[in-house]
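Fold and contact review
The lines below spell out each chain.
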Amino acid sequence: LHQLYQGVIKALVFWLRQVFGDHEIDARCSRMPLNHCTRIFTNGISPLSRVSGQEHREICAILMGLVVDLPIPSGGSPARLIVTVRAALDFLYLAQLPFHSTDTLDAMQASLKRFHDNKDCFIDLGVRDNFKIPKIHSMSHYYDSITLFGTTDNYNTEQTERLHIDMTKNAYRSTN
């Protein structure tokens, strides 16, 4: 999941910022309606540096709302761009399910296909030259990895990192 948040989503947000401009994306962030389930980035997302996985999760929660009705600056239709963003988010959310069936794996593959079928919109907009990006390629291996090794939380380091903080760092601070 780290490679999805810190790789794919990070790149996707960067490309969207290039298409629409930091000013427009940040203005939309600050105008998002208040909701107890989402974080409001009052200063936008462009000033963020060293974005954590948690912040990427929070950005994902509002990403569709940021771009859904924005016109493409060149005057083209934003339909393919919106489909691409939604497909990437669908893949991300399906990949992190705590259990899978053939239906959820098929839905994950379908969203990946939608993403690949429409991602060239960023080439058309002049944001990318190609998509020879290892983290995007690695998305094609999630189906097999989940089938072989189980859900992605089985090989996620989040829980062990938390344990490391609680058992090692805090104990060290208290004795030093």
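Section: the overall build of the protein chain
Tallying secondary structure elements over the protein chain gives 9 helices and 0 strands in all. Counting only C-alpha atoms, the protein chain reaches 60 × 40 × 30 Å along its principal axes. Taking all 176 residues of the protein chain together, 38% fall into the buried category. Of the charged side chains in the protein chain, 18 are positive and 18 negative; the average position of the first set lies 5 Å away from that of the second.

Comments concerning the pattern of salt bridges
With the rule as written, the count across this model stands at 10 salt bridges. Between D22 and R17 there is a salt bridge, with its nearest N and O atoms 2.7 Å apart. By relative accessible area, D22 is classed as partly exposed at 32%. As a salt-bridge pair, R39 and E58 come within 2.9 Å of each other at their nearest N and O atoms. On the criterion of sequence distance, the pair formed by R39 in the loop between α2 (22-30) and α3 (53-67) and E58 in helix α3 is long-range, its members being 19 residues apart. Shared partners join several salt bridges into a network, and the residues in it are E24, R28, R31 and D69.

Here's the deal with the confidence of the model for the protein chain
Averaged over all residues, the pLDDT of the protein chain is 86; the fraction at 70 or higher stands at 91%. When pLDDT is averaged over each element of the protein chain, helix α5 (residues 102-118) comes out on top at 96 and helix α9 (residues 158-175) at the bottom at 70.

Overview of α5
Over its 17 residues, α5 runs 24 Å from end to end, which matches the ideal 24 Å to within 8%, given 1.5 Å per residue. Among all positions of α5, only T104, L105, M108, S111, L112, F115 and N118 are buried. Down the axis of α5, the buried set is contained in an arc of 165°. They therefore lie on one face. Opposite its buried face, α5 presents the exposed residues T102, D103 and K113, each directed more than 90 degrees away. Its buried side turned inward, α5 meets α4 (79-95), α6 (121-124), α7 (134-137) and α8 (142-149).

Side note on the packing of aromatic side chains
Where two aromatic rings form a pair, the distance of their centres and the angle of their planes describe that pair. Using the criterion set out here, one finds 3 aromatic pairs in the structure. Ring centres of W15 and F122 lie 5.2 Å apart, and the angle between their planes is 50°; this geometry places the pair in the tilted category. Of the two residues, W15 sits in helix α1 (residues 2-20) while F122 sits in helix α6, which places them 107 residues apart along the sequence. Residue W15 is classed as buried on the basis of its relative accessible area of 3%. Seen from their ring centres, W15 and F131 are 5.3 Å apart, and the 90° between their planes marks the pair as edge-to-face. You can see W15 sitting in helix α1 and its partner F131 sitting in the loop between α6 and α7, a full 116 residues away along the chain. Pair check on accessibility: W15 and F131 agree, each one buried. Through a chain of ring-to-ring contacts, the aromatic side chains of W15, F122 and F131 assemble into a single cluster. Residue placement shows R57 over the ring face of Y5; its charged tip is 5.3 Å from the ring centre.

Here we look at the environment of E58
For the pair E58 and C37, spaced 21 residues apart in sequence, the C-alpha to C-alpha distance is 9.3 Å. Not counting chain neighbours up to four residues away, the residues in contact with E58 comprise R39 and F41. Only 2.9 Å separates the side chain of E58 from the side chain of R39, close enough to count as a polar contact.

Some remarks on the environment of C37
Among the structural elements, C37 can be located in the loop between α2 and α3. A relative accessible area of 58% places C37 in the exposed class. In the structure, C37 is positioned 51 residues away from A88 in sequence and 21 Å away in space, judged by C-alpha atoms.

So, how was this worked out
Residues numbered from 1 in each chain as written. Predicted model: local features only at pLDDT ≥ 70, side-chain atom pairs only at ≥ 80, totals over all residues. Heavy atoms only, no water. Helix = DSSP H or I, 4+ residues; strand = E, 2+ residues; numbered from the N terminus. Buried < 20%, exposed > 50% of the residue type's maximum accessible area, 1.4 Å probe, protein only. Lys, Arg positive; Asp, Glu negative; His and termini not counted. Charge placed at Lys NZ, Arg CZ, Asp CG, Glu CD. Salt bridge = Lys/Arg side-chain N within 4 Å of Asp/Glu carboxyl O. pLDDT = per-residue confidence, 0-100. Expected span 1.5 Å × (residues − 1). Arc of directions from axis to C-beta. Contact = heavy atoms within 4.5 Å. Phe/Tyr/Trp six-rings, centres within 6.5 Å; stacked < 30°, edge-to-face > 60°. Lys NZ or Arg CZ within 6 Å of the ring centre and 35° of its normal. Polar contact = N/O pair within 3.5 Å; in protein donor to acceptor, adjacent residues only side chain to side chain.

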